[in-house]
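# A structural walkthrough
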Amino acid sequence: MLVSLRWLRDYVDVELKPGELADRLTMAGLEVESVDEAGPEFTNVVVAKILSIKSHPGADKLSLCEVTTGDENYPVVCGAKNINVGDVVPLAQVGATIPGGYTIKSSIIRGEKSEGMLCSEDELGIGEDAAGIMILPGGLSLGEDLADALDLKDTVFDIGITPNRSDCLSVIGIAREVAAITGKKLKLPEIVFTEAEENTKDITSVDILNPNLCPRYTARIIKDVRVGPSPHWMRLRLEAVGLRAINNIVDITNFVMMEFGQPLHAFDFRFLEEGRIVVRGAQEGEEFVSLDGKERILKADTLMICDGVKPVAIGGIMGGMNSEVTDDTGTVLLESAYFNPTSIRKTSKWLGMSTDASFRFERGVDPEGVVRASNRTAQLIADLAGGKICRNCIDQYSRKIKPVENIPLRVKKVDEVLGVKVKAGEIKKILKSLGMVVNKTEDGSYLVTPPTFRVDISREIDLIEEIIRIHGYDGVPMSLPAVPERTDIKNREKTLEEKIRVILTGQGYSEVINYSFIMPESANILGLKEDDEGRKFVMIKNPLTEDQSVMRTSLVYGLLDTMRKNANAGCFDLRIFEKGKIFIAQKEGELPLEKEKIAGLITGIRYDDLWHWKELLSDFYDLKGCVENLFDGLMVRDVKFKSGTDVPLLHPGKSCGIFVDDKKIGFIGEVHPGVLEKMDLKRNAVVFELDFDFLAMHYTEEIFYREIPRFPISSRDVAFLVGKDMEGERILDLVVGESEELLEKAAIFDVYYGKGIPEGMKSTALRFTYRSSDRTLTDDEVDEAHNRIVERIAGLTGARIRGKED
Amino acid sequence: MREDLAELQRKAEAELNSAGSEEELLAIRTKYLGRKGLLTLLFRKIGNAAPDERPLLGRLSNEIKEALSVKIENALEKLAPQGKYGALLQEKIDVTLPGRGVRHGRIHPISQVSQEICEVFLRLGFSVAKGPEVELDYYNFEALNIPKDHPARDMQDTFYVEDNIVLRTHTSPVQIRIMEKQRPPVRIVSPGKVYRHDSDVSHTPMFHQIEGLWVDKGITFSDLKGVLTYFLQQVFGEDTVLRFRPSFFPFTEPSAEIDIQCIICGGTGCRVCGQSGWLEILGAGMVDPEVFKTVGYDPEEISGFAFGLGVERIAMLKYSISDIRLFYENDRRFLEQF
Ligand SMILES: [Zn+2]
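This one's a predicted model, so the numbers in the text were calculated from it and none came from an experiment.

Describing an aromatic ring pair means giving the distance of the ring centres and the angle of the ring planes. For the structure on display, the rule yields 23 aromatic pairs over all chains. An angle of 35 degrees between the planes, with centres 6.4 Å apart, marks the rings of B:Phe249 and B:Phe251 as tilted. This pair shows no difference in class: B:Phe249 is buried, exactly as B:Phe251 is. Joined through ring pairs, the aromatic side chains of A:Tyr515, A:Phe517, B:Phe159, B:Tyr195, B:Tyr319, B:Phe327, B:Tyr328, B:Phe334 and B:Phe338 make up one cluster. A cation over a ring is seen here: A:Arg363 above A:Phe359, with NZ or CZ 3.7 Å from the ring centre.

Below, the structure written as structure tokens:
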């Protein structure tokens, strides 16, 4: 909210510099977001005195003046007649700018030199008087800048008002805070006016059909108003806080709204059919043109202010075109009301209309301030627009808003919450400075009644907050509570997260974070089947864009998207991983299933060091190695890579499922060429995705040391000639199945097909390592065990042994 | 005899000093110390000397032999590499070429900062707690004292999934879920993703928050100040200047915003701090009694404070990043800098 210092000073003496005041307000919970200097629209206008006036020899209507700024004298040609020798006047010096974009130049007017211009209020944009030169009051020092001399400069604070402080949505509200902080007195405007003989109640009536939504409605008739521009002082204040001046009646209602925080509305009484007000719900589908010129279709529960026939305003939000105050308005009906905050908020949301009025009503205005604001408005209309105020204000207040009274406050509790002793005397002083009534009880505690405009205060803790807010947070010492000896158990998930990051970054993979929302079309791009779980999207009702309208069901799409963005930026080589949640929609009304996943992608060259490796492209095995290292680092054993996955986004021949103990926990594979094409990706990529939650359950940090073997190994190599489809792991599984005691390890060290190998076959070479824990093996022992295994494998797989074919 | 020995030592040393090559040194060794060397010959003559002089002469000639041997060995050692130097030089490699191996990857700056922050609280005995990102309206708002149609909801633009299901707008619902399950004391930090319907240079629709909660008997606002000061000085340095100022959050009372003196300008005012000299870092407050009642704690018995901070904001300050969206573009040139 914008607050003008000039306006603020109408209600409280401010001795602090603007910057200091801003700091004090901020430290009391009214965050000053900016402080702007505002001033008149002129420069280089100074206070000058007329030394002599002679008639212009070449022009009857002009005169020649000699003026002084104290240091220097200037000749000025002037057309005005209201000046006399000795008058102190504004002099726009050569080089000065005045409103309208004029710059004052040295000139010769009908043969006489003129060094500047004497100005009227109107010419300077600081008043309406355009008839003559502005005669300045005595006591100003010559040569002083006029803006300084007349205090025309203002400071505007932009204050962030938190939603609980509706009482601060007014200049008086801020002034009250300033008074409390600085120990000054709040000066409220005196409201006095004379009422005419005619009785408002004889002219109009108010019926509230919906008192829950409109607990209080007041109306007053003011006759014989003269609609015209507002006085300069009022326009200055309104414009300083960003309100456009319209006409005196509208401006006065805005002024009082800003002054007291109570929104008001003035109807042109001529257009109120049957001359009365009915507060009721709209009819479903009823049409209404609001003051902003927009046509609105209403719902049945929209609270409307109506005359005897039709709606004339959307209650608490905006008036209607049909009853607007215009230049020829003579009689106004002035509304000042209290609306139900929730109802206003709902309507304002539904209509998409947030106005100064609705903003205040939905936060809660002072239900007991309604009549005062009406009186203040009537007073100003009488003073500034010559209105006759009809006797008696109609005040329909059928649903009394129960004020909060006598909140118990224990001094001990203040200490307990804050950890600092605030003296009882200070507590009392602070609360009183905020307008509260404080009574001491027999047991030494207080009963506190907050003012009705403090709708945020109803509990002891609310009072404690007020006390410390004004006392100052700086006045609270710092302490550290004792940390109990038993700190919580190590968090497995967090440990796992960190381990994964270390393992993957160590292998060259960088962590990325993608948005959790993706586009629904991604399901088609990834080729998901109709019944794929990945299509059970959690849909966002109000997405920012269609591209971000559903929650992801896999991390892979985001990784591919990252790959695309990098490719577009000219970077084709990536090793990345992401850890995050996926979301699977459940039944309506239920929260989705959230699963934590870890996924990775590799694309482009295998090594950045072209000098060593040339352009070796990464492939399936690069990423598989990375995943194997991950399992190894987490000490998750018995991991199986089983071909034939049902993941449609992967290349069917270059992908597999990842299993631990026969439970599928993820997949790895080259991205399907069709997916790459749809995503406009030119290069291959390999991806994996793993179930983080499973890893969190199964990783281990336990290490059992095994004795380092003391006896040497013996190795035997053998190449099996097998069908091309025979997977390496099957052979290894068979070897393991032999349970040969002396066999320590068997590993594939070469796979070859092509020249020298029959069509449809391949050579899979294994190295067998034998060792005993208690002796050095003899060649015979090794040969015996080795031959037995090799023959068994050959028998089980139908493999031939290379080099032994003949 | 003694003079002969001394003379021999002088001559041998003189020759050693002028010897420049391995060959010469080896020749000197043979000449004096060899089986038929001069010193060996002299040694054999000791038997001819007077019996009472023999032990002395024997010791003396041994000392000379030892001294010469050491000198020759040292000289040889000094010369030896020089002998192979030329040949090794032929094997020179270009040491300025890059080393070999996979370049290590980087941890996302958000994860790094988040981890650093959590560590500080872990040291204070906090544990990490997590909760759903798609959350019931009840946990995200109502249990936190933010009823439907309350203006406080304007503070957080919300993504809706259903009328009563939202993308969580803060990590605060985790504190409700934990307190529902656990009796005090509760000390948790809850890092995670949150979502708001907002997007520009300083807002992304998804960002990261860390929420903290310390609930126990006798926790005060003074403790809040102490713990959060400790935390901020751990993260931003011991000399960090802080200010605590009143604010409003529906689920805490009294509430505070905590600013640190601008680390860019040092408090004189700059673009980053909006000329104010201060940077808003943390929101905090004493847990509102209403919240305690909601989870079945007795606010007369139990008190506590909660706080929340935006990880991106801290990362942006720490690394001088001016556009928050960079965190989610995952450009390799960005990621590689952390
Ligand atoms: Zn700064």
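Still more to cover.
Contacts between the two partners involve 90 residues from chain B and, on the opposite side, 92 residues from chain A. Both sides of the chain B and chain A interface together cover about 7,700 Å² of buried area, and 57% of this is carbon and sulfur. At the surface where chain B touches chain A, the tally comes to nine salt bridges. Across the pair B:Asp288 and A:Arg459 runs a salt bridge, and its minimum N-O distance is 2.7 Å. Applying the counting rule to chain B against chain A returns 38 residue pairs in polar contact (both at pLDDT 80 or more). Broken down by element, the residue count for the side of chain B that touches chain A peaks at seven residues, all from helix H8 (residues 221-236) of chain B.

Looking now at the coordination of the zinc ion. Residue and element names in this part refer to chain B. Looking at the metal site, the zinc ion is ligated by Cys262 (SG), Cys265 (SG), Cys270 (SG) and Cys273 (SG), spaced 2.2 to 2.3 Å from it. Around the zinc ion, the four donor atoms are arranged such that angles at the metal cover 101 to 114 degrees; this shape is classified as tetrahedral. Along the chain, the residues donating to the zinc ion are arranged with the sequence spacing C-x2-C-x4-C-x2-C. For the pair formed by Cys265 and Cys273, the shared burial category is buried.

We now examine the sheet that holds strand E38 (residues 743-752) of chain A. In any sheet, the strands associate via hydrogen bonds between backbone groups, in a parallel or an antiparallel arrangement. All names here are of chain A. Pairing within the open sheet is antiparallel, and its four strands lie in the order E38-E39-E37-E40. Lying at the two open borders of the sheet, with one neighbouring strand each, are E38 and strand E40 (800-801). Across eight bridges, the pairing between E38 and strand E39 (residues 761-770) is antiparallel. The residue bridging Ala746 from the neighbouring strand is Phe768, located in E39.

Looking now at the sheet that holds strand E27 (residues 446-449) of chain A. All names here are of chain A. Read from one edge to the other, the open sheet built from three strands follows the order E25-E27-E26, with strand pairing classed as antiparallel. The sheet is open, and its two borders are formed by strand E25 (407-409) and strand E26 (437-440), each paired with just one other strand. The sheet shows a mean angle of 30 degrees between the axes of neighbouring strands, direction not considered. Both E26 and E27 contribute to a ladder of four bridges, which runs antiparallel. Across the sheet, residue Val437 finds its bridge partner in E27, namely Thr449. Across the face of the sheet, helix H14 (residues 460-471) comes into contact with E25 and E27 while running at roughly 60 degrees to E25.

This part covers the packing of helix H15 (residues 492-506) of chain A against helix H5 (residues 109-123) of chain B. Packed helices, taken two at a time, are described by their axes: the angle between them and the distance between them. The contact between H15(A) and H5(B) brings their axes to 13 Å, and the two run at 140 degrees. The orientation of H15(A) relative to H5(B) falls into the category oblique. The handedness of the crossing between H15(A) and H5(B) is left-handed. Residues A:Lys494, A:Glu498 and A:Arg501 of H15(A) form the contact with H5(B), whose participating residues are B:Ser111, B:Gln115, B:Cys118, B:Glu119 and B:Leu122. Of the residues contributing to the contact of H15(A) with H5(B), the split by class is two nonpolar, two polar and four charged.

All right, on to the pattern of salt bridges then. All names here are of chain A. Counted according to the given criterion, the structure contains 86 salt bridges over all chains. Glu596 is paired through a salt bridge with Lys579; the nearest N and O atoms lie 2.9 Å apart. With Glu596 in strand E32 (residues 593-603) and Lys579 in strand E31 (residues 574-584), the pair connects residues that are 17 residues apart, well separated along the chain. With respect to burial, Glu596 and Lys579 carry one shared label: buried.

Turning our attention to a negative patch on the surface. Together, A:Asp122, A:Glu123, A:Glu128 and A:Asp129 make up a region of like negative charge exposed at the surface. Considering the arrangement of structural elements, one finds A:Asp122 in helix H3 (residues 121-124).

Attention now goes to unusual backbone geometry. Residues and elements named next belong to chain B. The amide bond that connects Pro184 to the next residue, Pro185, takes the cis arrangement and shows omega of 5 degrees. Inspection of the secondary structure puts Pro185 in the loop between helix H7 (173-181) and strand E5 (186-195). Of note, the bond from Glu253 into Pro254 is cis; its omega dihedral lies within 30 degrees of zero at -5 degrees. Mapped onto the fold, Pro254 is located in strand E8 (residues 252-261). With phi around 70 degrees, Gln275 is a residue other than glycine that occupies positive phi space. By the secondary structure assignment, Gln275 is in the loop between E8 and strand E9 (278-287). The exposure class of Gln275 is exposed, given its relative accessible area of 57%.

So, on to the domain arrangement of chain B. Segmenting chain B into domains produces domain 1 (2-91) and domain 2 (109-335). Between the C-alpha centres of domain 1 of chain B and domain 2 of chain B there is a distance of 83 Å.

One finds A:Leu409, A:Leu560 and B:Phe121 to be the most contacted residues of the largest nonpolar core, which totals 123 residues. Looking at this core element by element, the count peaks at eight residues for H8(B). Not counting chain neighbours up to four residues away, the residues in contact with B:Phe121 comprise B:Phe126, B:Val189, B:Val227, B:Leu228, B:Phe231 and B:Phe307. In this structure, A:Leu8, A:Val178, A:Leu238 and A:Phe255 belong to the second largest nonpolar core, which totals 51 residues.

With that settled, consider the domain arrangement of chain A. Frequently, the measure chosen for interface size is the accessible area removed from exposure when the parts meet. By domain assignment, chain A separates into domain 1 (2-39 + 154-182), domain 2 (43-149), domain 3 (195-396), domain 4 (407-475), domain 5 (492-698) and domain 6 (714-801). Once you take the C-alpha centre of each, domain 2 of chain A and domain 4 of chain A turn out to be 58 Å apart.

Once that is clear, we can look at the side chain of B:Lys193. Mapped onto the fold, B:Lys193 is located in strand E5. One buried charge, B:Lys193, has no salt-bridge partner; the nearest side chain with opposite charge is A:Glu578, at 4.9 Å. Residues contacting B:Lys193, with those up to four places away along its chain left out, are A:Ile513, A:Asn514, A:Ser516, A:Arg552, A:Lys579, A:Gly580, B:Glu133, B:Arg168, B:Met206, B:Phe207 and B:His208.

Remember that side chains alternate between the two faces of the sheet whenever the strand is regular. Residues and elements named next belong to chain A. Within strand E36 (residues 685-691), seven of the seven residues are buried, leaving the element largely enclosed by the surrounding structure. As paired strands, strand E35 (residues 663-671) and E36 are joined by five bridges and run antiparallel to one another. Residue Phe667 lies in a different strand from E36, and its bridge partner there is Glu689.

Quick look at the environment of B:His208 now. The residue B:His208 is located in strand E6 (residues 206-216) in this model. Note: C-alpha distance between B:His208 and B:Leu309 (101 residues apart in sequence) is 8.5 Å. Aside from chain neighbours lying at most four places away, what touches B:His208 is A:Ile513, B:Ile110, B:Gly192, B:Lys193, B:Leu309, B:Gly310, B:Val311, B:Glu312 and B:Tyr328.

Residue and element names in this part refer to chain B. Taking burial as the measure, the eight residues of strand E10 (residues 303-310) include seven buried ones, the bulk of the element. Note that E6 and E10 share eight bridges and pair antiparallel. In the strand pairing of E10, Gln209 is matched with Gly310. Sheet topology places E9 next to E10; five bridges connect them, and they run antiparallel. Within E10, the position partnered with Met286 by the bridge is Phe305.

Below, the discussion takes up the environment of A:Cys626. Residues and elements named next belong to chain A. Tracing the backbone shows Cys626 in helix H19 (residues 620-634). Under the relative-accessibility criterion, Cys626 is labelled buried at 1%. Here the alpha-carbon distance between Cys626 and Leu504, two residues 122 residues apart in the chain, equals 7.4 Å. If sequence neighbours within four positions are ignored, Cys626 has contacts with Leu504, Gln507 and Tyr509.

Moving on: the confidence of the model for chain B. Residue and element names in this part refer to chain B. Considering every residue of chain B, the mean pLDDT works out to 89; 99% of them sit at 70 or more. For chain B, the element scoring lowest by mean pLDDT is helix H4 (residues 54-89), at 80; strand E2 (residues 134-136) scores highest, at 97. The ipTM value of the predicted complex is 0.84, and its pTM value is 0.83.

Taken together, the buried positions of helix H12 (residues 411-418) of chain A are occupied by A:Lys413, A:Val414, A:Asp415, A:Val417 and A:Leu418. Residues of H12(A) that are buried make contact with E25, helix H13 (424-433) and H14 of chain A together with H8, E8 and E9 of chain B. A positive backbone phi angle near 75 degrees is found at A:Gly419, which sits one or two residues after H12(A).

Conventions used here
- Along each chain, residues carry numbers from 1 onward, in the same order as the chain's sequence is written.
- Here every chain gets a letter starting at A, and every ligand a number starting at 1, in the order they are written.
- For this predicted model, a pLDDT threshold of at least 70 governs which residues receive local features, and a threshold of 80 or more governs which side-chain atom pairs are given and counted, while totals over whole chains, interfaces and linings are taken from all residues.
- Only hydrogens and water are set aside; all other atoms, that is, all heavy atoms of the structure, feed into the side-chain values.
- Pairing of aromatic rings covers Phe, Tyr and the six-membered ring of Trp, with a centre-to-centre limit of 6.5 Å; geometry is then stacked below 30 degrees between planes, edge-to-face above 60, and tilted otherwise.
- In this scheme, a residue with accessible area under 20% of its type's maximum is buried, one over 50% is exposed, and one in between is partly exposed, where area comes from a 1.4 Å probe on protein chains only.
- Placement of a charge over a ring requires the Lys NZ or Arg CZ to be within 6 Å of the ring centre, with the centre-to-atom vector within 35 degrees of the ring normal.
- For this analysis, residues touch if any pair of their heavy atoms sits within 4.5 Å.
- Each of two parts loses accessible area, computed with a 1.4 Å probe, when they are put together; buried area is these two losses added.
- Salt bridges are defined as contacts in which a side-chain nitrogen from Lys or Arg sits within 4 Å of a carboxyl oxygen from Asp or Glu.
- We define a polar contact as two N or O atoms separated by no more than 3.5 Å, with the added condition that, inside protein, one atom must be a possible hydrogen donor and the other a possible acceptor, whereas residues neighbouring each other in sequence contribute only through side-chain atom pairs.
- Helix and strand assignments come from DSSP, with helices taken as H or I runs of at least 4 residues and strands as E runs of at least 2, each series counted from the N terminus.
- Any N, O or S atom lying within 2.8 Å of the metal counts as a donor, with the limit raised to 3.2 Å for Na, K and Ca; because water is left out of the atom set, some sites can appear incomplete.
- Under the classification used here, a metal with four donors is tetrahedral if each angle lies between 85 and 135 degrees, square planar if opposite donors are over 155 degrees apart and the others between 65 and 115, a six-donor metal meeting that same test is octahedral, and anything else is irregular.
- Two strands qualify as a pair provided DSSP detects at least 2 bridges between them.
- Axis geometry follows a simple rule: fit a line to the C-alpha atoms, using only the stretch in contact for helices, then measure angles between N-to-C directions, giving values from 0 to 180 degrees.
- The labels follow the angle: roughly parallel below 35 degrees, roughly antiparallel above 145, roughly perpendicular from 65 to 115, and oblique for the rest.
- What makes a crossing left-handed is the near helix being turned counterclockwise from the far one by less than a right angle; a clockwise turn instead makes it right-handed.
- Each residue gets one label: Ala, Val, Leu, Ile, Met, Phe, Trp, Tyr, Cys and Pro are nonpolar, Asp, Glu, Lys and Arg are charged, and the others, such as Gly, are polar.
- A patch is a set of surface residues, each over 30% in relative accessible area and not in a salt bridge, joined within 9 Å for like charges and within 5 Å for the nonpolar side chains Val, Leu, Ile, Met, Phe, Trp and Tyr.
- Calculation of accessible area relied on Shrake-Rupley with a 1.4 Å probe; when residues are assessed, cover is drawn exclusively from the protein chains displayed.
- His is not counted here, nor are the chain ends, while Lys and Arg score as positive and Asp and Glu score as negative.
- Charged side chains are reduced to one point each, which is NZ for Lys, CZ for Arg, CG for Asp and CD for Glu.
- Domain start and stop positions are those given by an automatic or database domain assignment.
- Put simply, a nonpolar core is a bunch of buried Ala, Val, Leu, Ile, Met, Phe, Trp, Tyr and Cys residues held in one set by side-chain atoms that sit within 4.5 Å of each other.
- Per residue, pLDDT captures the predictor's confidence, and it can take any value from 0 to 100.

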